[in-house]
Amino acid sequence: MASNYTDRQFQGTYLFDGQMAKKGYGLNKMCYSFNDQVARDEFNADPEAYCEKFKLTQAQKEAIRNRDVIGLLREGGSIYYLAKFTGLLKLNMQDIGGLQTGMTTDEFKAMLERNGRGEV
Amino acid sequence: MANIIGAITTSHIPAIANAMANGLEETPYWKPFFDGYPPVRDWLNEKKPDVIILFYNDHGLEFFIDKKPTFAMGVADEYYNSDEGWGIPTIPPVTGESDLSWHIANSLVDEGFDMTICQEMKVDHGLTVPLNLMWPGHKYGHVKVIPVCINCEQYPMPQPWRTFELGKAIGRAVASYEKDLNVVVFGTGGMSHQLDGERAGFINRAFDLDCLDKLVSDPEALTKYTNIDLVEQGGAQAVELNMLIAMRGTLLGKVTELHRNYHAPISNTGSGLMLLEHEMPK
């Protein structure tokens, strides 16, 4: 059984393993806090200060600022926690899919339809 | 003796909760999905199970990665949903079954499954969406639910062979419970989907259909996959198939497929609804 999950990689896929969990701890902890309305309000009032409170790295802060989902994944974000950040921005899973794949939301939805029909 | 009378696979995605809250069931996008459910609801209303053992994964409501249990289960008499951050409605409390839960917990740990045992456990959409799908309008309060939570978020995750063994151990625990209770097991989540990365949007219809076939007739074949195999075949979040595999593990006797509805896409996923009837081994 593999002890290292990076020995098989898939293009465009960021497996959330121990290394990523360590790297992204503060970022994911911040996103987890967004379960609470009080935390969402505090972030919206001053995003930079809120990122600082969770000791995000410069790269993580920049990715938060730019709504750069791929950047957030590379910096250790887990999609389950990042979804709470993107939810705060009122983005749904198809919006996020579009952002990550360089498509509009409608183009991404059309791809899902094709994939769902088994055309790909 | 407690008796597992059947099992159900179902999606648990949050978009379903929003669709139900907004009354979208009959719209063209959602109709092919929701049309699958009435026969399953009818069966549940006819059989009136006392207990649902529900396999799901927590997507960051109860558990954070400060402490991430590989396998967790609830032993409470009640469970609560809570704000998940992105706007699906919070739903009424879920009834638990403390006595059978403790019996299962004792049996599992004795067998070598070192569960995290929870007297308080906020339950997220992974558990609440399936209950509301089966009993719409939040009319699930009469049924007692035992939540079993499998880590599908952070590697290392339990492998399919292991989740299948967990299911089998739960099946044995139920069979050794002296009270006459009818139990139905839910395996929720999946099927193929990928939310993150440039590969987001990946769905593998043929793989999903093959998995549904194998869940009925050849579940051992699914235990040959590693989680990384599931990622390759079904996308990064296809590891949620572990909940379906665990469900199938609990069925130690004769299994008959009564109903199936596969539809893709729903949100970013392939959705596999299946109703299995189960006769306990003699």
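Conventions we followed
- Residues numbered from 1 in each chain as written.
- Chains lettered and ligands numbered in written order.
- Predicted model: local features only at pLDDT ≥ 70, side-chain atom pairs only at ≥ 80, totals over all residues.
- Helix = DSSP H or I, 4+ residues; strand = E, 2+ residues; numbered from the N terminus.
- UniProt positions renumbered as here; feature names shortened; annotations may be inferred.
- Contact = placed C-beta atoms within 7 Å.
- Buried ≥ 20, exposed ≤ 12 C-beta atoms within 10 Å, placed from the backbone.
- Arc of directions from axis to C-beta.
- Pairing = 2+ DSSP bridges.
- Axes fitted to C-alpha atoms, helices over the stretch in contact; angles between N-to-C directions.
- Parallel < 35°, antiparallel > 145°, perpendicular 65-115°, else oblique.
- Left-handed = near helix turned anticlockwise from the far one by under 90°.

Per an unreviewed UniProt entry, chain B goes by Protocatechuate 3,4-dioxygenase and derives from Marinomonas arctica.

The name recorded for chain A in an unreviewed UniProt entry is Protocatechuate 4,5-dioxygenase subunit alpha, from Marinomonas arctica.

Concerning unusual backbone geometry
Residues apart from glycine generally show negative phi values, whereas peptide bonds are mostly found in trans. For the peptide bond that leads from Gly 190 of chain B to Met 191 of chain B, omega is -15°, which places it in the cis range. Mapping Met 191 of chain B onto the fold places it in the loop between strand E8 (182-188) and helix H7 (205-217). Along the chain, Ala 264 of chain B connects to Pro 265 of chain B via a cis peptide bond; the corresponding omega equals 0°. Of note in this structure, Lys 90 of chain A is not a glycine but carries a positive phi near 65°. As for its position among the elements, Lys 90 of chain A is in the loop between helix H7 (79-88) and helix H8 (93-101). One non-glycine residue with positive phi stands out, namely Ser 267 of chain B, at about 50°. Mapped onto the secondary structure, Ser 267 of chain B falls in the loop between strand E9 (254-266) and strand E10 (269-279).

Quick notes on the UniProt feature "domain: Extradiol ring-cleavage dioxygenase LigAB LigA subunit" (unreviewed entry) in chain A
UniProt feature "domain: Extradiol ring-cleavage dioxygenase LigAB LigA subunit" (unreviewed entry): in the numbering of this structure it lies at residues 27-112 of chain A. Taken end to end, residues 27-112 of chain A comprises 74% helix and 0% strand; its first and last C-alpha atoms sit 29 Å apart.

With respect to the interface of chain B and chain A
Counting from both sides, the interface comprises 33 residues of chain B and, opposite them, 40 residues of chain A. Of all elements in the fold, only H7, helix H9 (227-234) and E9 of chain B reach the threshold of two or more residues within the side of chain B that touches chain A. The leading source of residues in the side of chain B that touches chain A is H9 of chain B, at three residues.

Some thoughts on helix H5 (residues 58-65) of chain A
Residue and element names in this part refer to chain A. Those residues of H5 that fall on the buried side of the exposure criterion are Gln 60, Ala 63 and Ile 64. Seen along its axis, H5 keeps its buried residues to an arc of 100°; they face one direction. Exposed residues on H5 whose side chains face more than 90 degrees from its buried face are Gln 58 and Arg 65. Phi for Arg 67, located one or two positions after H5, is positive at around 50°.

Details of the environment of Ala 45 of chain A
Turning to its location among the elements, Ala 45 of chain A is positioned in helix H3 (residues 37-45). Separated by 55 residues in the primary sequence, Ala 45 of chain A and Gln 100 of chain A place their C-alpha atoms 26 Å from one another.

Comments concerning the sheet that holds strand E2 (residues 51-56) of chain B
All names here are of chain B. With mixed pairing, eight strands are arranged side by side in an open sheet as E6-E3-E7-E2-E8-E1-E10-E9. Single-partner strands in this sheet number two, and they are strand E6 (116-118) and E9. Between one strand and the next, the sheet's axes are offset by a mean angle of 15°, whatever the strand orientation. Seen against the sheet, helix H5 (residues 125-134) touches strand E1 (3-10), E2, strand E7 (144-150) and E8 and runs at an angle of roughly 135° to E2.

Regarding the packing of helix H2 (residues 25-33) of chain A against H7 of chain A
Residue and element names in this part refer to chain A. Contact geometry for H2 and H7: axes closest at 8 Å, N-to-C directions at 50°. The orientation of H2 with respect to H7, classified from their angle, is oblique. Both H2 and H7 take part in a crossing whose hand is left-handed. Touching Asn 28, Cys 31 and Tyr 32 of H2 are Tyr 81, Leu 82, Lys 84 and Phe 85, all from H7.

Description of the pairing of E8 of chain B
All names here are of chain B. Counting buried residues in E8 gives six out of seven residues, a clear majority hidden from the surface. For E1 and E8, the ladder comprises seven bridges, and the chain directions are parallel. Its bridge partner lying in E8, Ala 7 is registered against Val 185. One ladder, built from five bridges, connects E2 with E8; its direction is parallel. Counterpart to Ile 53 in the pairing with E8 is Val 185.

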